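# Overview (structure and organization)
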Amino acid sequence: MTTGWYKKMGERIWAPWFIKFIQSRGYFNIYTNLLHERALSVSHRDAGVNYGKTAGPDSKLLEEKSLDFNILEVQPLRSLRWYDFCFREVHPGKVATNLEELGSLLHSLQKQDSVFLVNLFGVSDAISRNLLCHFERLDIRNYILMGPPSDSLFDLARRGHPVINVDKFISSVGLSKFTSQGLSFETIKGILAKTYAIKKCIENRYNTWVMDGSMLLTSDLFLSESEDSNGDFFVANNLEVFYAKSSSSSQKIWVDGFVSKVVAMAESLAGKDSATHGSLSFVYVVIKLLEQNGARIRRVDENSFATKIGSGSETSLRDKKLVYWSSEMELNSIQKWLEEFNLWSIDSVLSCTAVVCHKS
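Residues numbered from 1 in each chain as written. Predicted model: local features only at pLDDT ≥ 70, side-chain atom pairs only at ≥ 80, totals over all residues. Heavy atoms only, no water.

A separate point is the overall build of the protein chain. Scanning the protein chain from N- to C-terminus turns up twelve helices and 15 strands. Projected onto its principal axes, the C-alpha coordinates of the protein chain cover approximately 80 × 50 × 40 Å. When the 360 residues of the protein chain are sorted by exposure, 45% land in the buried category. In the protein chain, 66% of the contacts between residues at least 6 apart in sequence involve partners at least 24 apart. Roughly 20000 Å² of accessible area belongs to the protein chain as shown, and the carbon and sulfur atoms make up 49% of that amount. (Helix = DSSP H or I, 4+ residues; strand = E, 2+ residues; numbered from the N terminus. Buried < 20%, exposed > 50% of the residue type's maximum accessible area, 1.4 Å probe, protein only. Contact = heavy atoms within 4.5 Å. Areas by Shrake-Rupley, 256 points an atom, 1.4 Å probe, with all protein chains shown as cover.)

Right under this line is the structure:
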């Protein structure tokens, strides 16, 4: 409705600006429901700037004699239902710090087959927000953001995005004993958190995608093509993209014993010289162990579906369904490249330049 007003009246009305203010800061309005079209204030919609002729009152004024409830009794915020701009229900403040909370968080997601685990270690606020705008555009609603405790992570949770506090999550399963030796402690935490999170997702019958925040989906066709393929697991040869299907065979493989092997391998890597395993990652560790278990793995060359920006050579999207970049690349360079491909979808206050509402 306000879009129609804005197209007709432009900047002469305040409602679109107020909505923009609310949306960009992740705020919520509280609406009263006094029943029977009653309100604390009434607009009589008299003839004037807004109305060509008098339209009459828009509601009935709440009067003391008509009170049929305790006006001072206000429900706590946690008991209210919350909705986003597109009037989809959201669950603000969902921060998983252990496996039980992760299970509860999974139950609050949309009833879709797949869930995304997105690694936000070392990812800036701008890149995170831009990624979420593209999730919105592609109608990807099932995702969980993983990262260290920070103001930005908790702000995302406040806005209704589900997150995992990796530090507390790792500590809850008794894996906080690692120290920074050879392999980066952040890398170790990421490997272990993803492994435990995937196990929980598979147990809850979710297919699971794992991706880093340093990549961006440009099409959902890549997802459907990968999910429909043979194999319980999908992996790109040189890219941190991983897919685990919640099949009977994957449920038999991804059990406590498998997780223990990942932990043991991560622990052994943590004490080695970094020069001997500089390229090791979650995908490297997990695929190595999956192969030992005889898992069905589909390997693909990332060049068939992805393109790397800022690589020095001429870059083109063509029919590519994913773009990625080096974690060492500076934000200004990333933004410049993504703007060139029309993939930079946030403004100066890190708000999506367009809100896309899909049919539920």
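Per the stated rule, a full pass over the model turns up two disulfides. Here C86 connects covalently by a disulfide to C357, the sulfurs 2.0 Å from one another. Here C86 and C357 share a disulfide; its torsion about the S-S bond, -80 degrees, makes the bridge left-handed. Of this pair, C86 sits in the loop between β3 (82-83) and β4 (89-90) while C357 sits in the segment after α12 (331-340), and the two are 271 residues apart along the sequence. C357 sits in the partly exposed class, given a relative accessible area of 44%. Paired by a disulfide, C133 and C352 hold their sulfur atoms 2.0 Å apart. Across the S-S bond linking C133 and C352, the dihedral sits near -100 degrees, which makes this disulfide left-handed. Residue C133 is located in helix α4 (residues 125-137), and its partner C352 is located in the segment after α12; the two are separated by 219 residues in the primary sequence. Accessibility assignment for this pair places C133 and C352 in one class, buried. (Disulfide = S-S within 2.5 Å.)

Quick look at unusual backbone geometry now. Of note, R205 is a non-glycine position whose phi angle comes to about 65 degrees, a positive value. By secondary structure assignment, the location of R205 is in the loop between α7 (185-203) and β9 (207-212). Its relative accessible area of 62% is what places R205 among the exposed residues. Of note, N342 is a non-glycine position whose phi angle comes to about 60 degrees, a positive value. Residue class for N342 comes out exposed when judged on its relative accessible area of 68%.

Of all the five residues making up strand β7 (residues 143-147), five are buried; the element is thus mostly covered by neighbouring parts of the structure. Where burial is concerned, the two faces of β7 agree: the one with Y143, L145 and G147 and the one with I144 and M146 are both buried. Remark: the strand β6 (residues 114-119)/α4/β7 crossover connection has right-handed handedness. Where β7 and strand β8 (residues 163-165) come together, three bridges link them in parallel fashion. Note on β8: the bridge partner recorded for L145 is V163. Tracing the backbone out of β7, into helix α5 (residues 151-158) and back to the parallel element β8 gives a crossover that is right-handed. (Right-handed = clockwise from strand over helix to strand, strands pointing away. Pairing = 2+ DSSP bridges.)

So, about a nonpolar patch on the surface. There is a patch of nonpolar side chains on the surface, built from L40, L67, F69, I71 and L72 and spanning about 510 Å² of accessible area. Mapping L67 onto the fold places it in the loop between β2 (60-61) and β3. (Patch = residues over 30% accessible without salt bridge, like charges linked within 9 Å, V, L, I, M, F, W, Y side chains within 5 Å. Salt bridge = Lys/Arg side-chain N within 4 Å of Asp/Glu carboxyl O.)

Turning to the environment of I30, a few remarks are in order. Tracing the chain through its elements places I30 in the loop between α2 (15-24) and β1 (38-39). Sequence-wise, I30 and L80 are 50 residues apart; in three dimensions their C-alpha atoms are separated by 9.5 Å.

When pLDDT is averaged along the protein chain, the result is 86; 91% of the residues meet or exceed 70. Taken element by element, the predicted model of the protein chain shows its lowest mean pLDDT in helix α8 (residues 221-227) (65) and its highest in β8 (97). Here residues 274-278 is modelled with pLDDT under 50, and outside its nearest four sequence neighbours on either side it reaches five contacts, counting other chains as well. (pLDDT = per-residue confidence, 0-100.)

Taking strand neighbours across the sheet as the criterion, the three strands line up as β10-β15-β14 in an open arrangement whose pairing is mixed. The open sheet has two free edges, formed respectively by β10 (215-217) and β14 (306-308), since each of these has just one partner strand. Along the sheet, successive strands turn relative to each other by an average axial angle of 20 degrees, direction set aside. Both β14 and strand β15 (residues 322-324) contribute to a ladder of three bridges, which runs parallel. Bridging across to β15, A306 finds its partner in L322. (Axes fitted to C-alpha atoms, helices over the stretch in contact; angles between N-to-C directions.)

Attention now moves to α2. Every buried residue belonging to α2 is among A15, P16, I22 and S24, and all of these are buried. For α2, the secondary structure elements touched by its buried residues are α1 (2-9).

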